[in-house]
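# Structural characterization, general
What follows is each chain in one-letter form.
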Amino acid sequence: MMSGGSVDYNNHPAVINLKNYLKIKCVHPDIKYGKCVEFLVGMAAEIGLAAETHTLPGDLPLLVMTWEGLKPELPTILLNSHMDVVPAEGDWKHPPFGAEVEDGVIYGRGAQDMKGTSIQYLEAVRKLKSQGTRLNRTVHLTFVPEEEKGGRAGMGEFVKTEAYRRLNVGFALDEGLSNPGEEFLVFNKEKSMWHVNIICTGKSGHGSMLLPENCGEKVRYVINKFMDLREFYRQKLVDDSNLTIGEVTTINLTKLQGGVQTNIVPEQFTATFDIRLATNMNHEMFEELINRWCREAGNGVRCEFDHKDPYVKPTVMDHTNHYWVAMKKAIEDMGITLIVGTMPATTDARFLRGGAHALNFAPARRAAPSPHQRDESLPLDVFVHGIDVYEKILLAVANLEE
Ligand code: ZN
């Protein structure tokens, strides 16, 4: 029995599928996708969905399931989820791959991010099919690898293929975040992730001198600039209660490297920053600012990017986006309000946004977000209700006429 509820979800068929999926260790590092793909292909067969496995460079599998619509020539609906999960470190209350239930809450790595969503997609389609429903538009489900490593080797590769182009995606849903409040959260844009190394070189010398042109002075200048800007955004977030972390640029100093021995001034220090640019940041101007700081820090200071997301235009959220209008109405008809925001982390939706109307969404409210956390969990009533939500969304968006 659930605390406060009267329904026992423990033996709900969708919950049993979720448990079985959570028990498959498809986890970084040294990830193996075989069992995951096998399980999902089994579910597709059970539901009566065509399933095709593509092999991406690096021998990475990507699974596409298809439910053909009555008008397959229309742009299609894509439900995307990733198969991989992040490592489950530390002391968990319940084993991270045990899928145990306590007080109506299921515990497991991937419960929210995002195996729960994958099963909700599949169960929503199963429900519709079992009622004999036919939708106008074709619905595709993609199960992709490597999202938790940035997605470039997974969805990032797949969107370049002819196989993806042929899916003719008009509208896509990808992972979102649960909300402890009463509303559902939906995100139409993401920040851009930049990982930058500032390499400061100078003259080496004895640790007892006060020599000019040394890399310690230069790295201090650079760190001050980045951390001052960080403080500016931190304060902005504190001062304006309307802002969320998704709407401000974040900057963090994440690595410092250099040094040989305590009494030697080294030739080089490197400072590494993890920067997530808000969608209103001008990428060119910000890069120019970083370059200016490097010049101001002195000779021999340069910046090298480990990663630099390009600017991606947000998905339009007005009356011209018929998919959004239909989805919003379907959810409001269920008596639930939506809040539109900026996804604070990067997801595979950024690869889809160029061509399709892509949104990040989780039909999960009254539940604390716990992705990547110890004791990642999802209340089972939230999970089961989410299946109905996807069912209603599919009925709305996949029945749109052109
Ligand atoms: Zn995820």
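Residues numbered from 1 in each chain as written. Predicted model: local features only at pLDDT ≥ 70, side-chain atom pairs only at ≥ 80, totals over all residues. Heavy atoms only, no water.

Right, let's get into the packing of helix H1 (residues 13-22) against helix H2 (residues 34-47). Two numbers describe how H1 lies on H2: the axes approach to 10 Å, and their chain directions differ by 160°. Relative to H2, the element H1 is oriented roughly antiparallel. Of the two possible hands of crossing, H1 and H2 adopt the one that is right-handed. Here H1 contributes Asn17, Asn20 and Tyr21 to the contact with H2, which in turn contributes Cys36, Phe39, Leu40 and Met43. (Axes fitted to C-alpha atoms, helices over the stretch in contact; angles between N-to-C directions. Helix = DSSP H or I, 4+ residues; strand = E, 2+ residues; numbered from the N terminus. Parallel < 35°, antiparallel > 145°, perpendicular 65-115°, else oblique. Left-handed = near helix turned anticlockwise from the far one by under 90°. Contact = heavy atoms within 4.5 Å.)

Take the domain arrangement of the chain next. Partitioning the chain into structural domains gives domain 1 (9-190 + 314-397) and domain 2 (193-278 + 280-308). On a C-alpha basis, the centroid separation for the pair domain 1 and domain 2 is 37 Å. Of the roughly 500 Å² buried where domain 1 meets domain 2, counting both sides, 53% is carbon and sulfur surface. Considering only the surface of domain 1 that becomes buried against domain 2, Thr342, Pro344 and Thr346 emerge as the three largest contributors, covering 63% of it. Applying the counting criterion to the domain 1 and domain 2 interface returns 0 salt bridges. One can count 1 residue pair in polar contact (both at pLDDT 80 or more) joining domain 1 with domain 2. A per-class count over the side of domain 1 that touches domain 2 returns 1 nonpolar, 3 polar and 1 charged. (Domains from an automatic or database assignment. Buried area = accessible area lost by both parts, 1.4 Å probe. Salt bridge = Lys/Arg side-chain N within 4 Å of Asp/Glu carboxyl O. Polar contact = N/O pair within 3.5 Å; in protein donor to acceptor, adjacent residues only side chain to side chain. Nonpolar A, V, L, I, M, F, W, Y, C, P; charged D, E, K, R; others polar.)

Moving on: the nonpolar core. Among the nonpolar cores identified, the biggest contains 84 residues, and Leu141, Leu173, Met327 and Phe361 are the most heavily contacted of them. If you tally residues by element for this core, the top one is helix H10 (residues 380-397), at 10 residues. Leaving out residues up to four positions away in the same chain, Leu173 has contacts with Leu78, Leu79, Asn80, Tyr121, Met327, Leu359, Phe361, Tyr390 and Ile393. Phe226, Tyr233, Val248 and Leu277 belong to the second largest nonpolar core, which has 26 residues in total. (Core = buried A, V, L, I, M, F, W, Y, C linked by side-chain atoms within 4.5 Å. Buried < 20%, exposed > 50% of the residue type's maximum accessible area, 1.4 Å probe, protein only.)

Here the largest pocket defines a volume of roughly 740 Å³. Looking at the largest pocket, it is lined by 36 residues, and the ones nearest its centre are Met343, Ala345, Thr346, Pro371 and His372. With 3 residues, helix H3 (residues 115-130) is the single largest residue contributor to the lining of the largest pocket. Of the residues belonging to the lining of the largest pocket, the class tally is 15 nonpolar, 12 polar and 9 charged. Counting contributing residues, the lining of the largest pocket receives three or more from each of domain 1 (9-190 + 314-397) and domain 2 (193-278 + 280-308). (1 Å grid on protein atoms, 1.4 Å probe; cavity = no way out; pocket = protein on both sides within 12 Å on 5 of 7 lines; lining within 4 Å. Points joined across faces, edges and corners; volume = space filled by probe spheres on them.)

Let us now look at the coordination of the zinc ion. Ligation of the zinc ion by protein atoms is provided by His82 (NE2), Asp113 (OD) and Glu175 (OE), these donors lying 1.8 to 2.1 Å from the ion. Donor residues binding the zinc ion come from one chain and are separated in sequence as H-x30-D-x61-E. Linking Asp113 in the loop between strand S5 (105-107) and H3 with Glu175 in the loop between strand S7 (169-174) and strand S8 (184-190), this pair joins segments that are 62 residues apart in sequence. (Donors = N, O, S within 2.8 Å, 3.2 Å for Na, K, Ca; no water.)

For the buried Glu175, no salt bridge exists, and the shortest N-O distance to an oppositely charged side chain is 8.2 Å, to Arg350. At a separation of 3.3 Å, a polar atom in the side chain of Glu175 contacts the side chain of His82. Residue contacts for Glu175: discarding those within four places in its chain leaves Asn80, His82, Asp113, Met114, Glu147, Met343, Thr347, Asn360 and Phe361. (Lys, Arg positive; Asp, Glu negative; His and termini not counted.)

Consecutive side chains along a regular strand alternate between the two faces of the sheet. In terms of burial, S7 is a largely internal element, 6 of the 6 residues being buried. Here strand S3 (residues 76-82) pairs with S7 via 4 bridges, running parallel. By the bridge assignment for S7, Leu79 is matched with Leu173. By the bridge criterion, 4 bridges tie S7 to strand S16 (residues 357-362) in an arrangement that is parallel. Counterpart to Ala172 in the pairing with S16 is Ala358. (Pairing = 2+ DSSP bridges.)

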